[in-house]
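Summary of structural features
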Amino acid sequence: MQASQTSDRHRIAEEFLKGLWNDNPVFVMVLGMCPVLAVSNTAINSLAMGLSTMFVLVFSSLLVSTFRKLIPSQVRITTFIIIIATFVTLVDMLLAAHFPFIHKELGAFISLIVVNCVILGRQEAFSSKNAPKYALADALGVSAGFVFALFCLGSIREILGNGTFFNLPLFGANFEPWVIMILPPGGFFSLGFLLLLFNRIKQKRDAAKSQLKAAASWKQNRYTTEYVTEKDEVDL
Amino acid sequence: MSTNEDIQKNEALEPPVNKDPSSSRLIITLALAGLVAGILISGVNLYTQPMIRANKAMALRKAIFQVLPGCTDYQPLILDNGKLKEIEPSEGVSNPDIPQTIFAGYDETEALVGLALVAQEPGFQDIVSGIFGYDPIAKIIVGFEVLESKETPGLGDKIIKDPGFRENFTALATEPEITGVKQGQKQKANEVEMITGATISSKTVVRLLNKGLGETKHAMEAFAKEKSTK
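Residues numbered from 1 in each chain as written. Chains lettered and ligands numbered in written order. Predicted model: local features only at pLDDT ≥ 70, side-chain atom pairs only at ≥ 80, totals over all residues.

As for the overall build of chain B
- In terms of regular secondary structure, chain B is built from six helices and nine strands.
- Per-residue burial for chain B yields a buried fraction of 30% across its 230 residues.
- In chain B, of all internal contacts separated by at least 6 residues, the share reaching a separation of at least 24 is 57%. (Helix = DSSP H or I, 4+ residues; strand = E, 2+ residues; numbered from the N terminus. Buried ≥ 20, exposed ≤ 12 C-beta atoms within 10 Å, placed from the backbone. Contact = placed C-beta atoms within 7 Å.)

In structure tokens, the structure reads:
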């Protein structure tokens, strides 16, 4: 029982980490590009957008996973959309009530979370097939990955394009902001740069892993070849 | 107990494809989902509505001072039989159903600086709601702010953010009717330079101003005359 508990915990951790790094929705799966490029012009906007998406994804995944056996497959997509749209409406109202400034800045993009393919994708691929605890870990991981990616982009764009970070001026008056960074082309430039960086790190890690594997299999081969007796060869 | 088995079971769980559920089950599922969604949304709406209303009122208050330079105090007005009448503060506050769309702005000496008017017009995405300041004596628009819009971010929302576009409304003549022209082609005082790439949204603003003025222009001028003679 203890072993199963450990493997259970191990799987939950795995589901969480997978979304954060190996299957990062932005840097690896390149999903949900609309908000990624459009509202990542400042750190605060990207953080607000990321956290709103996280709220919607976590609660939708929990609900979908809890009722997964009761939802007939013919109406599953419709039901998922109803669930997602409900949470998006809640986020919209809560932001308008508590953070009107952010609500005005994000504008139509909050309502557009409904059609963010990261969210519907997780429901269809994961939550509708797994128990709530795994769905929760998966949703938290994927949305944390999404927040991380958006925040990276938003910070880079705000620092270079505005010379500020969370509206705090970073450089002296002599700094000339790269206005292009807060404009749409800046979104593409930063995303391209981050994708390059991310893939480079991943490639290096994969290369190191495959080297380790090759070394291990070479060692194993050597053992097995040494172990093969003359009798085996005769049998062959 | 055996969590591994659970995992395998869950992974093996595919949506039941072979068995077609009855239509009533499909309808009930969707109806239940809709019902729960409705309950959740209306519950949160009850909680957030007063706050959202207060935020909007605050934004409107701020906008009135912005569109009427020199204004230090304002008084809500109502259009009654083609004449503008002052609403008693209690009337306006206690009854949120009375839409407050016209405000008279006064300076420190309690002289009328102008009138602020809220107007709506369908834009590219949704209704654009804006407020503008009107000087009924000089017959010019002295300021404009967007209160609510869902125009395309990066293009249409320039009507809110573009400083060049906003400059159109510092002293915009209203006679003859306001018209929109392409960027760099402004020649007359009643022309608004539209934003390249956001023509529909810019035209919406022009229509919004004309519509707002069309309904109340004479009443506002009469109100200003009455005030100046007093």
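A few points about the environment of Leu155 of chain B
Residue and element names in this part refer to chain B.
- Along the chain, Leu155 falls in the loop between β6 (140-148) and α4 (158-161).
- As for Leu155 and Gly197, which are separated by 42 residues in sequence, their C-alpha atoms are 6.2 Å apart.
- In contact with Leu155, not counting residues within four places along its chain, are Gly197 and Ala198.

With respect to the packing of helix α6 (residues 117-127) of chain A against helix α7 (residues 132-162) of chain A
All names here are of chain A.
- Where α6 meets α7, the closest approach of the two axes is 11 Å, and the angle between their N-to-C directions is 150°. In this view, α6 runs roughly antiparallel relative to α7, as classed from their interaxial angle. Judged by the twist between their axes, the crossing of α6 over α7 is right-handed. Residues Val118, Arg122, Phe126 and Ser127 of α6 touch α7, and the partners they reach there are Ala135, Asp138, Ala139, Val142 and Phe146.
- Of the residues belonging to the contact of α6 with α7, the class tally is six nonpolar, one polar and two charged. (Axes fitted to C-alpha atoms, helices over the stretch in contact; angles between N-to-C directions. Parallel < 35°, antiparallel > 145°, perpendicular 65-115°, else oblique. Left-handed = near helix turned anticlockwise from the far one by under 90°. Nonpolar A, V, L, I, M, F, W, Y, C, P; charged D, E, K, R; others polar.)

Digging into the sheet that holds strand β1 (residues 73-80) of chain B
Residue and element names in this part refer to chain B.
- Pairing is antiparallel across the open sheet formed by seven strands, whose spatial order is β2-β1-β3-β4-β5-β6-β7. Across the chains shown, the open sheet's two edge strands, defined by having one partner strand only, are β2 (83-86) and β7 (172-173).
- Taken together, the five bridges between strand β3 (residues 102-106) and strand β4 (residues 112-122) define a ladder with antiparallel strand orientation. Residue pairing in the sheet places Tyr106 in a bridge with Leu112 of β4. (Pairing = 2+ DSSP bridges.)

A word on the packing of helix α4 (residues 76-98) of chain A against helix α2 (residues 23-67) of chain B
- Direction vectors running N to C along α4 of chain A and α2 of chain B enclose 10°, while the axes themselves pass 8 Å from each other. As judged from the angle between their axes, α4 of chain A and α2 of chain B are roughly parallel.
- For the contact of α4 of chain A with α2 of chain B, the residue count by class is 15 nonpolar, nine polar and no charged.

A look at α6 of chain A
Residue and element names in this part refer to chain A.
- Considered for burial, the residues of α6 that qualify are Val118, Ile119, Arg122, Gln123, Phe126 and Ser127. Projection of α6 onto a plane perpendicular to its axis shows the buried side chains occupying an angular sector of 135°, all on one side.
- Of the surrounding secondary structure, the elements contacted by the buried residues of α6 are α3 (43-66), α4 and α7. (Arc of directions from axis to C-beta.)

A word on α2 of chain B
- Its 45 residues give α2 of chain B an end-to-end C-alpha distance of only 57 Å, which falls more than 12% under 66 Å, the value for a rise of 1.5 Å per residue.
- Buried within α2 of chain B are the following residues: Thr29, Ala33, Ala63, Ile64 and Val67 of chain B.
- Elements that come into contact with the buried residues of α2 of chain B comprise α4 of chain A together with β1, β3, β4, β5 (127-135) and β6 of chain B. (Expected span 1.5 Å × (residues − 1).)

Here's the deal with the environment of Lys203 of chain B
Residues and elements named next belong to chain B.
- Relative to the helices and strands, Lys203 resides in helix α6 (residues 199-229).
- Considered as a pair, Lys203 and Phe124 are 79 residues apart in the sequence and their alpha carbons are 9.8 Å apart.
- The contact partners of Lys203, leaving out residues within four places of it in the chain, are Gly180 and Met194.

What about unusual backbone geometry?
Residue and element names in this part refer to chain A.
- The backbone of Val30 shows a phi angle near 50°, a positive value even though the residue is not glycine.
- With respect to the secondary-structure elements, Val30 resides in the loop between α1 (2-22) and α2 (33-38).
- With a phi close to 50°, Phe166 is a non-glycine residue in the positive phi region.
- Relative to the assigned elements, Phe166 resides in the loop between β1 (164-165) and β2 (168-169).
- Take Phe166: there are 12 C-beta atoms within 10 Å of it, and that puts it in the exposed class.

Description of the pairing of β1 of chain B
All names here are of chain B.
- Where β1 lies against β3, five bridges are found, and the strand directions are antiparallel. Its bridge partner being in β3, Tyr74 is matched across the sheet by Gly105.
- Where β1 hands over to β2, the hairpin turn is made up of two residues, of which Asn81 adopts a positive phi near 55°.

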